[in-house]
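# Report on the structure
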Amino acid sequence: MSQSVKRAARIVDSIAEEPKTVVQLAEEFELHRSTMFRELQALEEVGYARRRKDGTYTLGFHLVSLAQSSLESVDLREVASAPLRRLHRVVGNTVHLAALMDDAIIYVDKVEDASGVRMYSRVGAPVRTHCSGVGKAILANLDDSQRDAVLATTDWAKYTENTITTRKALDVELAAIAEQGWSVDDGEFEDFVNCVAVPIVTRAGVVGALSVTAIRMVEDLEQLKTRLPLMQQTAAQIARELG
């Protein structure tokens, strides 16, 4: 790789960490200010850098767009398939995988309970965000505007006595989920079913979630929570493979 290409890549890495001025970058790379200015101009021309109003340089919109396109080209279901099935072989319960797709959360994979007990969910169906473990695990890792967009079509239907039916109550629970790193469905859609869920978070943000679900009489929430360390390991592995 040529020195100029290497230097350009290093400049992009530097301004990705934090916005910097020409002077700061010139000192960091031991270049004359005019030389660094030309480097930044070239990066601006191809959309890899942009100058902000305060004079600092940060990542350009074209580079951000390329990164997003790269992420979207990766099939979460494909990457997660093997880890998900390894998890299922250990826990035996129904395992779900949900993905954040634009402003919707969709079930993209499912491995049924080893005992043959079947759950209502199906691959390709939208997740009931206000009363599902995977829905809440994803929502807890979104900023306010993203959360607003996902919840815009929520009907807030009350399915059981435990269903959350207001945005205010949901936000309170999501704050707790964000802090502890996992969520539950405590019989919130079907009162005889419960689950625990963990988010799948890459460097670009949350992309999905996985859950372990059981009939309450077979395994209650406290029993399911013992699966959390293994679930978190699985989610971390999937996130690493997604990059």
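Residues numbered from 1 in each chain as written. Predicted model: local features only at pLDDT ≥ 70, side-chain atom pairs only at ≥ 80, totals over all residues. Heavy atoms only, no water.

### Digging into the overall build of the protein chain
- In terms of regular secondary structure, the protein chain is built from 10 helices and seven strands.
- Dimensions of the protein chain, computed from the C-alpha atoms along their principal axes, are close to 70 × 35 × 30 Å.
- Considering the protein chain as a whole, with its 243 residues, one finds that 44% of them fall into the buried category.
- Taking all contacts inside the protein chain whose residues are at least 6 apart in sequence as the whole, residues at least 24 apart take part in 53%.
- Summed over its atoms, the accessible surface of the protein chain is roughly 13000 Å², and 50% of this surface lies on carbon and sulfur atoms. (Helix = DSSP H or I, 4+ residues; strand = E, 2+ residues; numbered from the N terminus. Buried < 20%, exposed > 50% of the residue type's maximum accessible area, 1.4 Å probe, protein only. Contact = heavy atoms within 4.5 Å. Areas by Shrake-Rupley, 256 points an atom, 1.4 Å probe, with all protein chains shown as cover.)

### Looking at the packing of aromatic side chains
- Applying the stated criterion to the full structure yields one aromatic pair.
- When the centroid spacing of 4.7 Å and the interplanar angle of 70° are considered together, the rings of Y159 and F189 count as edge-to-face. Of the two residues, Y159 sits in the loop between α7 (144–151) and α8 (167–180) while F189 sits in the loop between β5 (183–186) and β6 (193–202), which places them 30 residues apart along the sequence.
- For F189, a relative accessible area of 15% gives the class buried. (Phe/Tyr/Trp six-rings, centres within 6.5 Å; stacked < 30°, edge-to-face > 60°.)

### Side note on the sheet that holds strand β7 (residues 205–215)
- With respect to topology, five strands assemble into an open sheet ordered β4-β3-β7-β6-β5, the strand pairing being antiparallel. Strand pairing shows two members of the sheet lacking a second neighbour, β4 (104–111) and β5, which therefore form its edges. Averaged over all neighbouring strand pairs, the angle between strand axes comes to 25°, with direction disregarded.
- Bridging between strand β3 (residues 94–101) and β4 involves seven bridges; their strand directions are antiparallel. Bridging across to β4, L100 finds its partner in I105.
- Strands in contact with helix α10 (residues 228–242) are β6 and β7; relative to β6, the strand with the most contacts, it is inclined by about 35°. (Pairing = 2+ DSSP bridges. Axes fitted to C-alpha atoms, helices over the stretch in contact; angles between N-to-C directions.)

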